[in-house]
Amino acid sequence: MKKYFLAGIVSIFSLTACNDDFLEKFPEDKISDTNFWKTGADFKMYASQFYPTLFDARLAWYSLDNFSDNQVPSSRNTYTWNETPVPSSGGSWGKSDWLQIRRVNYALERIAGVPEDATLKLAHGELRFFRAFYYFDKLKKFGEVPWLSRSLDTESEELNAPRDPRETVVNNMLADLDFAIENLPETSAEDRLTKFAALNLKGDIALYEGTFRKYHNVGGGHEELLKKAAAAYESIISSGRFAVWSTGKPDKDYFDLFVQYELKGNPEGIFVQRYITDKRMHNNVRQLGEPYTGYSKDFVESYLCTDGLPIAISPLYKGDKKFADEFVNRDPRMEQSIYQEKRPYRIFDDGTTNYKTMPEFQNNYCPTSYYIIKGYSPYERDRLPSTSTTDDFVYRYGKVLVSYAEVKAELNECTQEVLDKTVNQLRDRVGMPHLKTTVGFTDPNWPDWGMAISPLLNEIRRERRLEICAEGNRWDDLVRWKAGKVLENPKTIQGAVDPATGANRVLYPGYTARKWDDKLYLNPIPLQEITLNPQLTQNPGW
């Protein structure tokens, strides 16, 4: 967002109270808790501090997707290798980990005494959105968590309360978002949250929780949640405000979508983070040039051929003995997501262009040789330290489309009409054949999900995997589908064919495959927290 938000605004006044008379006389020329909360504009300014936390593109590929079958980091991910001990403290449950929720509640507690106007309603909607946003992260990590509706101090009884059921937490999050949907505008000239961002988050929460309950067989009401997800996504689609961005160039549009300097007004942007020179810049491009990770062999093999068939049965597949052959006759998103040597890797200001000779196995850069180029600008000006201004999607219409297709398939309501306004619009951008409800083939390499699913749902999951790769979603998907066992596939930790051996590159000598443990679907509660609050129970298996 091309706004210069003050992330430390909470520190401009004291969050504590004092009973000494002489300390209750606050200087009139200073901001304090006592004289700050007067108008809707005050709450709006306070809410601004949360915007930069909405999305960090670097974390998507540098951290989050390294947990999944899509990517292989230079060093083994100790969590998915089941080598992470129960932490004694911290572990995403520490004081600082709950700080943003406390900050939101702190403001919400002070709204009641302020005269309501349009600005206050907007700020109130934003704050409720952010509380749901932060709680969604807690739900995904821990499952049951305490629902806190007010800010706490050292004497608060909630500090010794048990965790609330998932149903309570999710219902409260959805209630917050319904309030946000009702009170946020449909558009924002100031690049602030809108009704459609809230609808998007509501759909994502309901889809996540609905599928989690279904596949993990916990709680109940998964179908009701899936219907809520469908309704939220339908509201976005039927609004007519968004579309798949395309210039009619299937060989470059997907790549270009993620390296734009200005996403304001892009029809695919439901909500975006904008950057501006000398005001707000990032280092993502430079770090994507040295990511210490790369796509896995398993991920690369999931791309269809241009005839719409998987590599196991398509006559168009050229094999993988030569690196360049893997890209021939494949879904155009493949070479727009993964580097191949005919694409410029660095373009210097004087016009000099560098190319990589592939395959290249570099632990400091890409250990698998499948370089992530989604969001990677080859221009040297964007590689300078912390000076890039390429914008990021927070909520993207393309993801809404694959999410809607999935939820309709889960509800057994995915018709050809649904596919044509979702998955097939994304395929049209890159010139791929349309997906049919009948699918028309059986892929012997469909993942072993641990349970049988329909051919259509298999293909929608494939489409989701490819369309939103390197956007930080794959681990969450595997968790909610209870599909951790896919990580046992040796190809999820292998790279491209190594010319020196004629076999897939082995990333971790001595480690040929992972062994999945169901306890990894939820993070452990730190030991210190259970000691301090005996009513907290540990997650299963830890």
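Here, every reference points to the structure presented above.
Model, not experiment: these values are computed from the prediction.

## Section: the overall build of the protein
- Assigned secondary structure in the protein consists of 18 helices and eight strands.
- On C-alpha atoms alone, the protein measures out to a radius of gyration of 24 Å, which is about the 24 Å that the 2.2 N^0.38 rule sets for 542 residues.
- Sorting the 542 residues of the protein into buried and exposed places 56% on the buried side.
- Total accessible area on the protein is roughly 22,900 Å²; 50% of this is exposed by carbon and sulfur atoms.

## Some thoughts on the packing of helix 5 (residues 118-142) against helix 6 (residues 166-183)
- Packing of helix 5 against helix 6 brings their axes to within 8 Å, and their N-to-C directions diverge by 150°. The angle between helix 5 and helix 6 places the two elements in the roughly antiparallel class. The crossing of helix 5 and helix 6 is left-handed. Of helix 6, the residues touching helix 5 (which contributes K121, L122, H124, G125, R128, F129, R131, A132, Y135, F136 and L139) are R166, V169, V170, M173, A175, D176, L177, F179, A180 and N183.
- Taken together, the residues of the contact of helix 5 with helix 6 sort by class into 13 nonpolar, three polar and five charged.

## Description of unusual backbone geometry
- Cis geometry is found at the peptide bond from M358 to P359, where omega equals 5°.
- You can see P359 is positioned in the loop between strand 5 (353-354) and helix 12 (380-383).
- Of note, the phi angle at N82 is positive, near 60°, even though the residue is not glycine.
- Relative to the helices and strands, N82 resides in the loop between strand 1 (71-73) and helix 4 (99-108).
- Residue classification places N82 among the partly exposed positions, given a relative accessible area of 27%.

## Section: helix 6
- With 18 residues, helix 6 ought to run about 26 Å at 1.5 Å a step, and its terminal C-alpha atoms sit 26 Å apart, in line with that.
- Taken together, the buried positions of helix 6 are occupied by R166, V169, V170, M173, L174, D176, L177, A180, I181 and N183.
- On its buried face, helix 6 is in contact with helix 5, helix 7 (195-216) and helix 8 (222-238).

## Focus: the packing of helix 2 (residues 40-47) against helix 5
- At a minimum axis separation of 8 Å, helix 2 and helix 5 run at an interaxial angle of 30°. Between helix 2 and helix 5, the angle is such that the two are roughly parallel. Handedness of the helix 2/helix 5 crossing: left-handed. Along its contact with helix 2, which presents G40, A41, F43, K44, Y46 and A47, the element helix 5 presents T119, L120, L122, A123, E126, L127 and F130.
- When the residues that make up the contact of helix 2 with helix 5 are grouped by side-chain class, the tally is nine nonpolar, two polar and two charged.

## What about the pairing of strand 8 (residues 503-506)?
- Alignment of strand 7 (residues 494-498) against strand 8, held across three bridges, turns out to be antiparallel. Bridge pairing in strand 8 places V497 opposite N504.
- Joining the antiparallel neighbours strand 7 and strand 8 is a turn of four residues, in which G502 adopts a positive phi near 75°.

## Regarding the nonpolar core
- Judged by nonpolar contacts, the single largest core of 106 residues is most densely connected at L127, F129 and M173.
- Sort the elements by how many residues they give to this core and helix 5 lands first, with 13 residues.
- Apart from residues lying up to four places away in sequence, L127 is in contact with F43, Y46, A47, F50, V104, A107, L108 and I111.
- Among the nonpolar cores identified, the runner-up in size contains 37 residues, and Y345, I372, F393 and A470 belong to it.

## Considering the side chain of Q273
- Tracing the chain through its elements places Q273 in strand 2 (residues 269-273).
- Side-chain polar atoms of Q273 contact the side chain of R280, separated by 3.0 Å.

## Considering the pattern of salt bridges
- What the rule picks out here adds up to 52 salt bridges.
- Among the ionic pairs, K202 bridges to D178, the shortest N-O distance being 2.7 Å. Here K202 is found in helix 7, whereas its partner D178 is found in helix 6, with 24 residues between them in sequence.
- Residue D178 is classed as partly exposed on the basis of its relative accessible area, which comes to 39%.
- Between E186 and K195 there is a salt bridge; the shortest N-O distance is 3.8 Å.
- Taking the relative accessible area as the measure of exposure, K195 reaches 24% and is therefore partly exposed.
- Each of E268, D331, R333, K374, R396, R427, R429, E463, E467 and E471 takes part in one network of salt bridges that share partners.

Definitions and limits used
Residues numbered from 1 in each chain as written. Predicted model: local features only at pLDDT ≥ 70, side-chain atom pairs only at ≥ 80, totals over all residues. Heavy atoms only, no water. Helix = DSSP H or I, 4+ residues; strand = E, 2+ residues; numbered from the N terminus. Rg over C-alpha atoms; globule rule 2.2 N^0.38 Å. Buried < 20%, exposed > 50% of the residue type's maximum accessible area, 1.4 Å probe, protein only. Areas by Shrake-Rupley, 256 points an atom, 1.4 Å probe, with all protein chains shown as cover. Axes fitted to C-alpha atoms, helices over the stretch in contact; angles between N-to-C directions. Parallel < 35°, antiparallel > 145°, perpendicular 65-115°, else oblique. Left-handed = near helix turned anticlockwise from the far one by under 90°. Contact = heavy atoms within 4.5 Å. Nonpolar A, V, L, I, M, F, W, Y, C, P; charged D, E, K, R; others polar. Expected span 1.5 Å × (residues − 1). Pairing = 2+ DSSP bridges. Core = buried A, V, L, I, M, F, W, Y, C linked by side-chain atoms within 4.5 Å. Polar contact = N/O pair within 3.5 Å; in protein donor to acceptor, adjacent residues only side chain to side chain. Salt bridge = Lys/Arg side-chain N within 4 Å of Asp/Glu carboxyl O.

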